[in-house]
Each structure stands twice: as structure tokens, then as C-alpha cells.
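Okay, here's what each chain looks like letter by letter:
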Amino acid sequence: MRKQIVWIAVFLALLLVPALKLEGYYYRTLSMIFLWIGLASAWNLTSGFTGYIDFGAVAYFGIGNYATALLMTKAGLPFFPAVVISGLLSGAIAIFIGKHTMKLRGAYFGIATLAFAEAVSQIVLEFDRTFHITLFEGSHGITLPIAHDETFFYYTFLVVVGLIVFVVFLTDRNKFGYALKAIKEAENSAELAGINTQRSKVSVYAVTGVMIGVLGGINAYWLTYISPLDVFSVTHTIHMIIMALFGGIGTVFGPVIGAVVLSIANETIGASLLYTYLLMLGVILLVVVIFVPSGFIGLLSFRRFRK
Amino acid sequence: MSLLAVRDLKKNFGALKALNNVSFDLEEGEIVGIIGPNGAGKTTLFNVIVGIYRPDGGDVVFKGKSVRNLPPHRICRTGITKTSQVVHPFLTLTVKENVLIALMFGRNLTKKASESKAEEIMEFLNIADVKDMRSTQVSLAKRRRLELARALGTGADLILMDENLAGLNPRELEEGMEIIRELKKRGKTLIIVEHIMQAIMGVCERLIVLSYGEKIGEGLPVEVCSDDRVIQAYLGEKICSV
């Protein structure tokens, strides 16, 4: 219980940060950290809880980006309705993809989702050239209207990401969460215990799709310029996976910690020494997978357990 | 009307006929044993009945309705589940959480409503002392009980027990047999696959013998185990006399 109070205090404190009237750089950095907390947590909700490791999560991020960009620039919708529709669209696509891919187990699910993400990226890249119309703008990318200041995105990310983490928190202790954990541990036993495994898997995948889609939508308006190679980059998926693994896959706050630590590392080391940073990521991944498979959070609870 | 009617059940794995026209009936409250050599199709029969495998022919009728082609969770909710030969608990969850999951989903209860029933089931199966341990940390005997606890948790009327007594010491075995008798008193219907003839003879009211996917015998335990075909196919020697 004390742990929850700490997290709520952190959230409330973050709400008050703009009162300090910091420079724009700090808002941008914090917004970026929030974005990654959201992405890693959303990824963890499906992959951490059910054990179905999604290597194509960036697809929903890109779909969210493009849906919001198109709805705002071509349909003239305001930002908030555009983001909501983007999230729903992303979730609907996740239901369709999930229905077909979540029958696959282990690496096959990973391969299928990776292929899906690459396919969507290629479609967005080549669609206009193939059909001789102007929709996705291919590799030119899309420019969105610039309208808001830094604190607007700071708050938008903070509230949305707070909600995402809260949903993960609830799922960790409710009935639906138990279905997901049972699927992760022993899928046949889960069926024998009366769990509709297919529906549970597709449902959680859709929720993850909505979350990542919404984050993508906010990202598009925040950056004001998006291109397929950027928003569909497979490194985004890899970051989500590494952050979740580093902090503690399948836990509520593990991905939050992982996202904070690695975002800051990316911002400091990654900006100046890109290759050192990438090398570091690789080493971290190896060490975590081999020595602390339960991640940073697992390390903490293990120590408590031994006392 | 019988509780369960298995009709001409067929299941092939490639050219292997794992089940070939197996038929039998089961009355409510019966304890029926299935015996037969390794590879006879006992576990396959269970997996077809609970919906893990789809049959290639025949039908499974439970409470008057065909459950053929239903997924396992639907079959579970109509009232059939099984305990597995190789125990597959939800490993990183506690014993209690394992039982809670069966109660929540098998009977469609809330988490709160499941709590007291879980305690009761764990008490009955004598695993309440390890309820907060992870299921990886408990002994094989208790893990087998946990399988049974999950099966009871789902509220199934018919429980298929696949070698739930294997690998237990004599005292645990005696306890296991006592639990089976108690389950019958509570109105459960059981099909038991077991190699320990002592246990089979001690609790079963009727035996079905499978060999190479076919039913080669059925009847009272004493009749079946003095049947020459059964002795030849499985028992090897005469272990009882009429």
C-alpha cells in the first residue's frame, strides 16, 4: 500500500512541475520520458502479462501517428477527437491482427507481428506511388499544424500515461489479469479452468493497441512532422521490449522504472555517443535476460524476500 | 439418461489410430477406471473429451448435449474438466491463486466470492498449509492435489483424473484414495486413468480396458482383471480371481 502512495505522490508532484516555469528543454525531456513509460507499459500489458512477445508493437504507434495526422490535416478535425479516433482505429486493427496471430505460440507470434509492422510501414511508404493518389505522402511525411506550447503536451502525456499505468495496475489484481497470467503460465490449464484464452488474449491486445495508438496520435501533434521510416521504426519496438525487460516484465511498475532509466540514458549518452549507447543497450539486455530475468523490480523484491 | 455417452470416438495422429470407435456410458456418481498399456489411448481419450483434441469421428454427449467441437473452456463450464498426468500449475502464482482462477472462471464468480470457496477446497484436499507458496515450491504430492483442487474449483460434475496418484508414497496414495471416495460422496462423477492396480481396484466400481486405441474389455473390476484378453494385453498375470 505504501508503494502505491509513493507513486500517487510522484504523479501529483509531476502535475505541479509546470509551476516552476522551467525551460522548454525540461518539458520536452519529461514528455519524452512519459511517452516511453506509456509505450513500455502498454506493451507490457499484453506481452508481459500473457507472455506473447509482440515484436510489432510499433505498428500501432505508427497507425496512431498517421491516423491523427491525416484526420487533422485532411479531415480538419481538432486534436482531441482525432486522437480518440486514432486510438479506436488502432484497437480495431489490433483485434483483427490479434485474432489471427494470437493462435500462434512463442517465436511464431513474434515473427508474425514483426512482419505485420514491417508490412504496414511499407504500405504507408509506397501506397501513394502505387495508386497515384496523395494520402500518406510516402517518404515525404506529413507536417501537422503547430499550435500548442510545451506544457500542453506535458500535461497531455502525463494524464494519458498516468491512465495507462493505472489500467495496468488494476489489471494486475483483477479477474481479467488472472486470466492473462494463467495464459502465460500454462495455456492448456487455463482453458481447462474455464478461461476463454483466445478472447482474453485478443481483448488485451486490443487494449494495448488503443493505448499505443493514442500515444502515437499525441506524438504526431507533438513532433508536428512524421515520416514512415521514423514512426514505424522497429527500434521503437525494441526500446519498449528492453525497457519492460530492464524494469521487470509482467510487473506494474517495472516498465515505468525501465522507461525512466533508459530514456534518460538515451537522452544523455545516446545523444552524444550513439554507438556506446547501443552497445550498452545490448549489454543490459544480455545481463538482464541471463542474470535477472525478473528485472529491476524482481531484484528489489528478492532482497526483501531474503530478509 | 446417462451423464456421459461416448459414441464411436475416433482420433487419428497421421496413420496411427489413437482411438478407434471407442464407446461407453457413464452414470452420475460413478467412479470408472480406465486401464491399458502405455500408448493405449487413455490420455488421448481424456483430451478428446475435454476438447483439447478434436475427434475425427464419433460424438461425446454430456447431460444430453453434444460437446464435440466445443473449446475446452466451454466444455469446462458445462461441467467436465481433467487433471493432467504431467502437472501444469500456473507456476509463478501461489497455490491459492491457482485455485482462485479455477473458481473465478469455471464458475464465473467474482474474486471476492471465490476466496472462501478456495479456502474450503484447499482445506478439504489438505493443501491449505501451502496456500501462499508458489506452486513451484510445493512437493509433487501437493502439486497433484493442486491439480485436483483446480478441477474441483471449476465446479465440474465430471472430473477426469489422469494418473493423479502416480509417484506417491503408500501413505499419500491411501490419502488420495480416501479423497476419491469422499468426492463420490459429494456427488462427483470420476473417470480415473491409473497404472496402480491397488488404487484402481480400491476405488473403481467399473473398469474399461483400452489397448491400441480400442476398447477390449469393460465390467466389474474383478471380472475385468480375470479376463484372459486383459491379462494378455496389460496385466501380464492373474491378479485376482472371481
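The structure we're discussing is the one just above.
Being a predicted model, the structure only gives us computed values, none of them experimental.

Definitions and cut-offs
- Residues numbered from 1 in each chain as written.
- Chains lettered and ligands numbered in written order.
- Predicted model: local features only at pLDDT ≥ 70, side-chain atom pairs only at ≥ 80, totals over all residues.
- Heavy atoms only, no water.
- Phe/Tyr/Trp six-rings, centres within 6.5 Å; stacked < 30°, edge-to-face > 60°.
- Buried < 20%, exposed > 50% of the residue type's maximum accessible area, 1.4 Å probe, protein only.
- Helix = DSSP H or I, 4+ residues; strand = E, 2+ residues; numbered from the N terminus.
- Lys NZ or Arg CZ within 6 Å of the ring centre and 35° of its normal.
- Expected span 1.5 Å × (residues − 1).
- Contact = heavy atoms within 4.5 Å.

Novice: Outline the packing of aromatic side chains, listing residues and values.
Specialist: Enumeration according to the criterion identifies 25 aromatic pairs over all chains in this entry. Both rings, one in Tyr154(A) and one in Tyr155(A), keep their centres 5.7 Å apart while their planes meet at 80 degrees; by these two values the pair is edge-to-face. Looking at Tyr155(A), the relative accessible area reads 33%, which means it is partly exposed. Ring centres 6.3 Å apart and planes at 20 degrees place the aromatic pair Phe166(A) and Phe169(A) in the stacked group. You can see Phe166(A) and its partner Phe169(A) sitting in helix α6 (residues 150-173), three residues apart, about one turn around the helix. For Phe166(A), a relative accessible area of 45% puts it in the partly exposed group. A connected cluster of aromatic rings, assembled from ring pairs, spans Tyr52(A), Tyr60(A), Phe109(A), Phe116(A) and Tyr205(A). The ring of Phe105(B) has Lys175(A) sitting right over it, with the charged end atom 5.3 Å from the ring centre. Its guanidinium or amino end placed over the ring of Phe124(B), Arg186(B) lies 3.9 Å from that ring's centre, counting from NZ or CZ.

Novice: Any details on unusual backbone geometry? Residues and values, ideally.
Specialist: The backbone of Glu137(A) shows a phi angle near 65 degrees, a positive value even though the residue is not glycine. Structurally, the position occupied by Glu137(A) is in the loop between α5 (107-131) and β1 (142-143). Exposure remark for Glu137(A): the relative accessible area of 26% places this residue in the partly exposed category. Not every positive phi belongs to a glycine, and Asn108(B) is a case in point at roughly 55 degrees. A relative accessible area of 61% means that Asn108(B) is categorised as exposed.

Novice: Which residues make up helix α4 (residues 111-124) of chain B, and what are the values?
Specialist: All names here are of chain B. With 14 residues, α4 should cover 20 Å at 1.5 Å per step; its first-to-last C-alpha distance of 20 Å lies within 8% of that length. Inspection of α4 places Ser114, Ala118, Ile121, Met122 and Phe124 among the buried residues, and these make up the whole buried set. Contact partners of the buried residues in α4: α3 (95-106), α5 (140-153) and α6 (170-185). One or two residues past the end of α4 sits Asn126, with phi positive at roughly 65 degrees.

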